[in-house]
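Residue-level structure breakdown
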Number of protein chains: 2
Amino acid sequence: MNSHNSLKVDLYELTMAAGYFQNKVEARATFELSCHTMPKNRSFLVACGLEQVVEYILNLRFSDEDVAFLKDLPVFRHAKGNFFDYLKNFKFSGDVWAMPEGEIFFAREPVLQVEAPIIEAQVLETCLLSVMNIESVVAAKAARVVAAASADGVARGVIDFGSRRAHGPEAGVLAARAAYAAGCIGTSNVYAGKEFGIPAYGTIAHSWVEAFDGEQEAFERYHAVFPENTVLLVDTYDTVGCVRKIVSMPLKAHLKGIRLDSGDLKVLSKKARGILDKAGLAHVKILASGNLNEYKIAGLVKARAPIDSFGVGTDMVTSRDCPALDLTYKLVQIQEKDGTVKYKSKTSPQKKTIPGRKQVFRHFDHKGMFRKDVIGLATEKAPEGARPLLRPVIRDGKLTEALPSLETVRQSVAEGLAKLPSSFKNIYKSKSVKPGYTSIILQLISELL
Amino acid sequence: MNSHNSLKVDLYELTMAAGYFQNKVEARATFELSCHTMPKNRSFLVACGLEQVVEYILNLRFSDEDVAFLKDLPVFRHAKGNFFDYLKNFKFSGDVWAMPEGEIFFAREPVLQVEAPIIEAQVLETCLLSVMNIESVVAAKAARVVAAASADGVARGVIDFGSRRAHGPEAGVLAARAAYAAGCIGTSNVYAGKEFGIPAYGTIAHSWVEAFDGEQEAFERYHAVFPENTVLLVDTYDTVGCVRKIVSMPLKAHLKGIRLDSGDLKVLSKKARGILDKAGLAHVKILASGNLNEYKIAGLVKARAPIDSFGVGTDMVTSRDCPALDLTYKLVQIQEKDGTVKYKSKTSPQKKTIPGRKQVFRHFDHKGMFRKDVIGLATEKAPEGARPLLRPVIRDGKLTEALPSLETVRQSVAEGLAKLPSSFKNIYKSKSVKPGYTSIILQLISELL
């Protein structure tokens, strides 16, 4: 997420920038990023991606090469040269407020707000939406998967195994980060380990087993190099036969685990556990993988499959049943040079937006559980006992304070989920939550819409 | 796609690499990348992403920083120092065969093959799968969208508007490339325009309209800077009222088009067309956008909605109904140092793999239309009239010849689709195609599985 992303935007952001520049529109604009409608199969979303967004905003520059490319595009034929000088000197000078990463949120709630000279606020649109989309959507999905894995109260780890099916190498890293924030215990992605300190996990591939003359040799060779970290893949040829083979091998005493990657995981895990236990290998853990998701995992947990941890890939990193949120980045107010604030909203049917820079006030019941969210203007005082969710992140182009560590973000997700009533966590039946509005917002809506 | 991606891999690739190194396994391995099972709602797939894959393979290096990070990981505690020296000097020295980009393919067919010292072949796995996954899955989806847009024989352009909902900025670029290869006429993504020469398109946002005192001022201000490229967004407040306003404005004579982004596109496009035509503005085109996909577009085309082009986002760039292919990268043979070739396959139920480096022979009927694919060993002679799909791309770590341009790839997709019988192109009902096998392959299967 660096200056290489300056052109990874929709062309209209840059044409509008030229238009504002040439028309001398210097007003300060406020844009809000929110999820317009809640996905049918989600009861909550998880705010994720702010760290990457902030890094992008603070470092956004247009290189000479970028500017030269733009200048040569036929569409900019009538754009004056000083616009390109402006781009060369571009540096974000505005303010950003956002929900901290890890916050639970719902449709229609602003998650992030940018207030800046209108050109600056506009050119951020695509990258902000795209990064918040992938990380928030994967975090919400991963939270469901993680919850399913321990639905009976027994702690079972979920590891992100999805990099190979993520939408390119960068998406694999962003998804790994989001999955860890949402409660996964680690990832197979090494770069995510290096960049974000996420524990990296791995076993062996079928190819390793096939590369040697038989499973026994393959396992012994691996164990020789990774004696404390041997998790053996047992389904290359015949799963049960392989587990029987393992319990007669010398390495068994030091074995960390076995991995089941295909077949009926319920039946196979029970058989494998039986064989291992009979051989006195209660310490050998069972890891299951292979096209898993929250529903399959919930089924295995319910059936008391003796699986200790799950490796989850495709469904989690692509958020397969909901691969994108309906995120929008909408203009909500404009402050003219003389200080006048004009509220802005779209009024077209089904696409109405609520004007004004807003705040989300979260209300809790007497037990500290989530009760409701009420949306007010940012200038309103927080109601007694309610917590305002949006906080200043960037002021005058500078970070207001260090962002929380990924471990802190992970803790926030866990705390936010713990405060959600269980009806929100039913993976089979989604719950629709509509935020309330303060009387000031309701008054604004009635005046403008 | 550069050396920054060296650690964007699954940890097990690097632990296996250390394992092979330390165990002195120096055999040459052949891995094949294919789609294990066909998605239920696709009748064909489109090979895409080879250019990025080749760039990755040719440039894969481990920096000192990468190596230092790996060396410090507890899992590598027993890996000997010369493995890390090996990584520092890593350079791919093997061979790659692949279907050219733009080729139509089906499940179980090898799309790409890597033959190299086993460590080198193994460490490529994640990046190869991830890049081929996103580009191939988007290309297949985009081909459906593009076909739907011109289903009645009238040419209507489809523009990729999906960057904001792609899985991060890189995914937006890869998706734009794949969508263009599959027949889109352009993209909103500026970087994809710069990097791949794809025509970049854009209009204006609702925020532009709202930033001024009324639509008329907003439109005139934009037109002043982009006189030949004015496409006005008409649904900010009242779509039909806005079109009526436009036909009385001086800029109307030079207007390129209007964009409808919400509401009933069939009704609104008919009303807008009527108003424009009545005002003598037959030259003003109508572009429609807003959560479109092949089904909605087919409906609009069938209903004779007078729409000239479509901007398509989320559903296309995330391939929403199938966000990932069941791609695998499997060991198929090993050549020992003495030249002996050993065929390799998994035999676990439902996950059987077919051994040996293979070739796909495409057969055509007397009209030149696709008839069937037959999979044989790579060493077999192509049957009379059949075309072998896999070609050498890299030999001894070097590109065999320049890769085709993206325009050539786009042409290949168009030609491949033209040769597919129409039953493959029914977007409502998918068709299942199973490749045949030559007698040599059948013999091999019966011996090993």
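These remarks concern the structure in this document. Note that the coordinates shown come from a computational prediction; the quantities given were computed from them, not determined experimentally.

Analysis parameters
Residues numbered from 1 in each chain as written. Chains lettered and ligands numbered in written order. Predicted model: local features only at pLDDT ≥ 70, side-chain atom pairs only at ≥ 80, totals over all residues. Heavy atoms only, no water. Helix = DSSP H or I, 4+ residues; strand = E, 2+ residues; numbered from the N terminus. Contact = heavy atoms within 4.5 Å. Pairing = 2+ DSSP bridges. Salt bridge = Lys/Arg side-chain N within 4 Å of Asp/Glu carboxyl O. Polar contact = N/O pair within 3.5 Å; in protein donor to acceptor, adjacent residues only side chain to side chain. Nonpolar A, V, L, I, M, F, W, Y, C, P; charged D, E, K, R; others polar. Phe/Tyr/Trp six-rings, centres within 6.5 Å; stacked < 30°, edge-to-face > 60°. Buried < 20%, exposed > 50% of the residue type's maximum accessible area, 1.4 Å probe, protein only.

Mapped onto the elements, V173(B) comes out in helix α7 (residues 169-181). Note: C-alpha distance between V173(B) and G94(B) (79 residues apart in sequence) is 28 Å. For V173(B), the residues in contact, after removing those within four places along its chain, are K8(A), N189(B), Y191(B), A192(B) and F196(B).

This brings us to the sheet that holds strand β17 (residues 391-395) of chain A. What holds strands together in a sheet is hydrogen bonding between their backbones, with the strands either parallel or antiparallel. Residue and element names in this part refer to chain A. Read across the sheet, seven strands follow the order β13-β12-β1-β5-β3-β17-β18 without closing on themselves; strand pairing throughout is antiparallel. Across the chains shown, the open sheet's two edge strands, defined by having one partner strand only, are β13 (341-343) and β18 (398-399). One ladder, built from three bridges, connects strand β12 (residues 327-335) with β13; its direction is antiparallel. Bridge pairing links Q335 to V341 in β13.

You'll often see interface size given as the accessible area lost when the parts meet. Chain A puts 101 residues into the contact, and the matching count from chain B is 101 residues. Linking chain A with chain B are 14 salt bridges, by the criterion used here. The interface formed by chain A and chain B includes 48 residue pairs in polar contact (both at pLDDT 80 or more). The element that contributes the greatest number of residues to the side of chain A that touches chain B is helix α1 (residues 11-22) of chain A, accounting for ten residues. A per-class count over the side of chain A that touches chain B returns 46 nonpolar, 30 polar and 25 charged.

Time to look at the packing of aromatic side chains. Following the criterion strictly, the structure yields 38 aromatic pairs over all chains and no others. Ring geometry for Y20(A) against W208(B): centres 4.4 Å apart, planes inclined by 35°, an arrangement best described as tilted. Highlighted residues: Y20(A) in helix α1 and W208(B) in helix α9 (residues 206-211), drawn from two different chains. Of the two residues, Y20(A) and W208(B), both sit in the buried class.

Turning our eyes to something else, we now look at the side chain of T438(A). Residues and elements named next belong to chain A. Here T438 is to be found in the loop between β19 (436-437) and α16 (439-448). Taking the relative accessible area as the measure of exposure, T438 reaches 11% and is therefore buried. Among residues more than four places away in sequence, those in contact with T438 are F361, V374, I375, G376, L377 and E380.

Residues and elements named next belong to chain B. The side-chain alternation of strand β6 (residues 157-160) yields two buried faces, one formed by G157 and I159 and the other by V158 and D160. In this sheet, strand β11 (residues 309-312) lies alongside β6 in parallel orientation, the contact comprising four bridges. Directly across from G157, in β11, lies its bridge partner S309. Both β6 and strand β7 (residues 186-187) contribute to a ladder of two bridges, which runs parallel. From the neighbouring strand, D160 faces β7, where its bridge partner is T187.

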